[in-house]
Amino acid sequence: MRTQPVPLDTPTLLANVMSDVYPDARGRFGPFGGRYVPETLVPALDRLQAGVDRYLHDSDFLAELHSELDTWVGRPTPLTHARGLSQRWGAQVWLKREDLTHTGAHKINNSVGQVLLARKLGAKRVIAETGAGQHGVATAAACARLGMPCTVYMGEIDMERQAPNVGRMKLLGATVVPVTSGDKTLRASVDEALRDWVSDPNGTYYCLGSAVGPHPYPYIVRELQSVIGREAREQMLKMTGSLPDIAVACVGGGSNAIGLFHPLVKDRGVKLLGLEAGGIGTGLGENAASLAYGTPGVLQGTYSLLLQDENGQIRETQSVSAGLDYPGVGPEHALLMSIGRVKYEAVNDDDALAALAECCAVEGILPAIESSHALAGAKRFAHANRGTKILIGLSGRGDKDMPTLQRTVLKGLA
Ligand SMILES: *Cc1c(COP(=O)(O)O)cnc(C)c1O
């Protein structure tokens, strides 16, 4: 649904961001966020909100969460000095290594936290939706670990495209339900998951995979992913003696980026840069860059920026990276962009793949194609600003991307 842009009181919004007041009591980040859901979902969201208030910052909950993060997920993840990239780019480049987490990407931080929360709330089963399959795998793994039955909704088309992840979810004990309605991809899967949740909101917990959706999800996901930025901030201070000049992350729904940025937002001297999927061009349908090219509107329960046509029809997105291929973005990013605290740019497919190859060759690290958008954006910044200290959120590893890399980067090497 398309709406008129809301006029913004930028100085007040910025002052609020710097004093960490968002989201407000109505689940809003300035004008963005909120809850645009059918009446039937309101009691379930209210219950979830009550659980979040009670448990998310409770010391017993946090002790259990941190024990799982340390001994099962593999936290804290290292901060690596990227010597080769630093030399080539004329910068000091540091990589926050979410690629080294269990299951290979930052998504596990969120899944393990939400499945623990589900247990606290007395849920009997967990459901999730997945597009590329990464969130489904992370949630299936967390459910197996914590003894929760898990059902994952996945579009029929996505199941074909991401067959190895379907197998991984099944091995991890999840039931994978093919979604044959609507677009047969992620958006239809969200609708199916919501339908399931409404039918038993007390017994079922819906584990959402990015910083999107109705309140309180963008808040839950931000809080659980902020472990990335808290660790990185401390590691930068300890290993380099000061904070970075800039922190850089890729943005799909925006969970790894908000996790890195949130603990740095109040550090005025640290620039923040989010990189979206620029796909093959700037036209509608040629990319997945909702902040760079989108307009305000409502998608899946939240008011944010979307890729939609002039009638408010959501448009197909395009990106070489499945994990960034989403027509919306989390509401907190929409606010941070609107008030100028974070800058967002698009990186096209070719530049992301080139950055991936460069990182492999000189760092011995195969990054996810999603994360390679952050690398390419950081490289661009380094060339325009010589000698700066750059912190890059490396959101995941690229092993899952081998089929795409066979068709692209490796073809060029043959
Ligand atoms: C899913 C995914 C992303 C995109 O999701 P965000 O919520 O924007 O972080 C980025 N990188 C990797 C490796 C992913 O799996």
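Each chain carries its own residue numbering, running from 1 in the written order of its sequence. Side-chain atom pairs in this predicted model are given and counted only at pLDDT of 80 or more, local residue features only at pLDDT of at least 70, and totals for whole chains, interfaces and linings cover all residues. Excluded from the side-chain calculation are hydrogens and water; included are all heavy atoms of the structure.

## A short note on the overall build of the protein chain
Item 1. Of regular secondary structure, the protein chain possesses 18 helices and 14 strands.
Item 2. C-alpha atoms define the radius of gyration, and 2.2 Å times the number of residues to the power 0.38 defines the globule rule. Computed over its C-alpha atoms, the radius of gyration of the protein chain comes to 20 Å, within 12% of the 22 Å expected for a compact globule of 414 residues.
Item 3. When its C-alpha atoms are laid out on the principal axes, the protein chain stretches across 55 × 50 × 50 Å.
Item 4. Note on exposure labels: buried denotes an accessible area under 20% of the residue type's maximum, exposed denotes more than 50%, and partly exposed covers the range between, all computed with a 1.4 Å probe on protein chains only. Burial status across the protein chain gives 60% buried among its 414 residues.
Item 5. Relative to all contacts within the protein chain whose residues are 6 or more apart in sequence, the contacts with residues 24 or more apart total 73%.
Item 6. Charge assignment: positive for Lys and Arg, negative for Asp and Glu; neither His nor the chain ends contribute. The atom standing in for a charge is NZ when the residue is Lys, CZ when it is Arg, CG when it is Asp and CD when it is Glu. Side chains of the protein chain carry 41 positive and 43 negative charges; the gap between the two charge centres is 4 Å. Helix and strand definitions follow DSSP, with helices as H or I runs of at least four residues and strands as E runs of at least two, each counted in order from the N terminus. Whether two residues are in contact is decided by their heavy atoms, any of which lying within 4.5 Å being enough.

## Some details on the site of the ligand
Item 1. Here a residue is near a molecule or strand as soon as one of its heavy atoms is found within 4 Å of it. In the neighbourhood of the ligand, 18 residues make up the surrounding shell, with Lys107, Ser210, Gly252, Ser255 and Ser395 lying closest.
Item 2. Between an oxygen atom of the ligand and a main-chain N or O atom of Gly253, the distance comes to 3.2 Å.
Item 3. Whenever two N or O atoms come within 3.5 Å, that pair is a polar contact, provided that in protein one can donate a hydrogen and the other can accept it, and provided that, for residues adjacent in sequence, both atoms are side-chain atoms. Interatomic distance of 2.7 Å between a side-chain N/O atom of Ser255 and an oxygen atom of the ligand.
Item 4. Burial of the ligand by the surrounding chains reaches 97%, relative to a free accessible area of 380 Å².
Item 5. Of the domains in this structure, domain 1 (36-67 + 107-222) and domain 2 (76-105 + 226-413) are the two that each give at least three residues to the shell around the ligand. Method for areas: the Shrake-Rupley scheme with a 1.4 Å probe, in which residue coverage is limited to the protein chains shown. Domain start and stop positions are those given by an automatic or database domain assignment.

## Section: the sheet that holds strand β5 (residues 125-130)
Item 1. When DSSP locates at least two bridges between a pair of strands, those strands are taken to pair. The strand order across the open sheet built from four strands is β7-β6-β5-β8, with neighbouring strands paired in parallel fashion. Taken across any chain shown, the strands that pair with only one partner, and hence form the sheet edges, are β7 (175-179) and β8 (204-206). Strand-to-strand twist in this sheet, taken as the mean axis angle between neighbours without regard to direction, amounts to 25 degrees.
Item 2. Across five bridges, the pairing between strand β6 (residues 150-155) and β7 is parallel. Its bridge partner being in β7, Met154 is matched across the sheet by Pro178. Orientation is described by lines fitted to C-alpha atoms, with helices fitted over the stretch in contact, and by angles between N-to-C directions that extend from 0 to 180 degrees.

## Brief notes about helix α1 (residues 10-18)
Item 1. Along α1, the residues that are buried comprise Leu13, Val17 and Met18. Along the axis of α1, the buried positions cluster into a sector of 135 degrees, meaning they face one direction only.
Item 2. Asp20, located one to two residues past α1, shows a positive phi value of around 60 degrees. This arc describes the spread of directions from the helix axis toward the C-beta atoms.

## What to know about empty space enclosed by the protein
Item 1. The method works on a 1 Å grid over the protein atoms by themselves. A cavity is a set of points holding a 1.4 Å probe that cannot get out, a pocket is an open set with protein on both sides within 12 Å along at least five of seven lines, and residues with an atom within 4 Å of a point line them. Grid points are joined across faces, edges and corners, and a volume is the space filled by probe spheres set on the points. The final tally for this structure, using the stated rule, is four cavities of 30 Å³ or more.
Item 2. Put simply, the largest cavity is a space of about 90 Å³.
Item 3. Around the largest cavity, the lining residues are Ala44, Arg47, Leu48, Leu121, Ala123, Trp197, Pro201, Asn202, Thr204 and Tyr205.
Item 4. Broken down by element, the residue count for the lining of the largest cavity peaks at three residues, all from helix α2 (residues 42-55).
Item 5. Three residue categories are used. Nonpolar comprises Ala, Val, Leu, Ile, Met, Phe, Trp, Tyr, Cys and Pro, charged comprises Asp, Glu, Lys and Arg, and polar comprises the others, including Gly. When its residues are assigned to classes, the lining of the largest cavity shows seven nonpolar, two polar and one charged.

## A word on the packing of aromatic side chains
Item 1. Side-chain rings of Phe, Tyr and Trp (the six-membered ring for Trp) are treated as a pair once their centres are within 6.5 Å; stacked means planes under 30 degrees apart, edge-to-face means over 60, and tilted covers the remaining angles. Enumeration according to the criterion identifies four aromatic pairs in this entry.
Item 2. Aromatic side chains Phe32 and Tyr303 sit 5.5 Å apart centroid to centroid with 15 degrees between the ring planes, which places their arrangement in the stacked category. With Phe32 in strand β2 (residues 32-33) and Tyr303 in strand β12 (residues 302-306), this pair connects stretches of sequence that are 271 residues apart.
Item 3. Consider the rings of Tyr206 and Tyr217, whose centres lie 5.9 Å apart with planes at 65 degrees: the pair is edge-to-face. On the criterion of sequence distance, the pair formed by Tyr206 in strand β8 and Tyr217 in helix α10 (residues 217-225) is long-range, its members being 11 residues apart.
Item 4. Accessibility expressed as a relative area gives 2% for Tyr206, which makes it buried.
Item 5. We classify Tyr217 as buried; its relative accessible area is 1%.
Item 6. Linked through ring pairs, Trp197, Tyr206 and Tyr217 together constitute an aromatic cluster.

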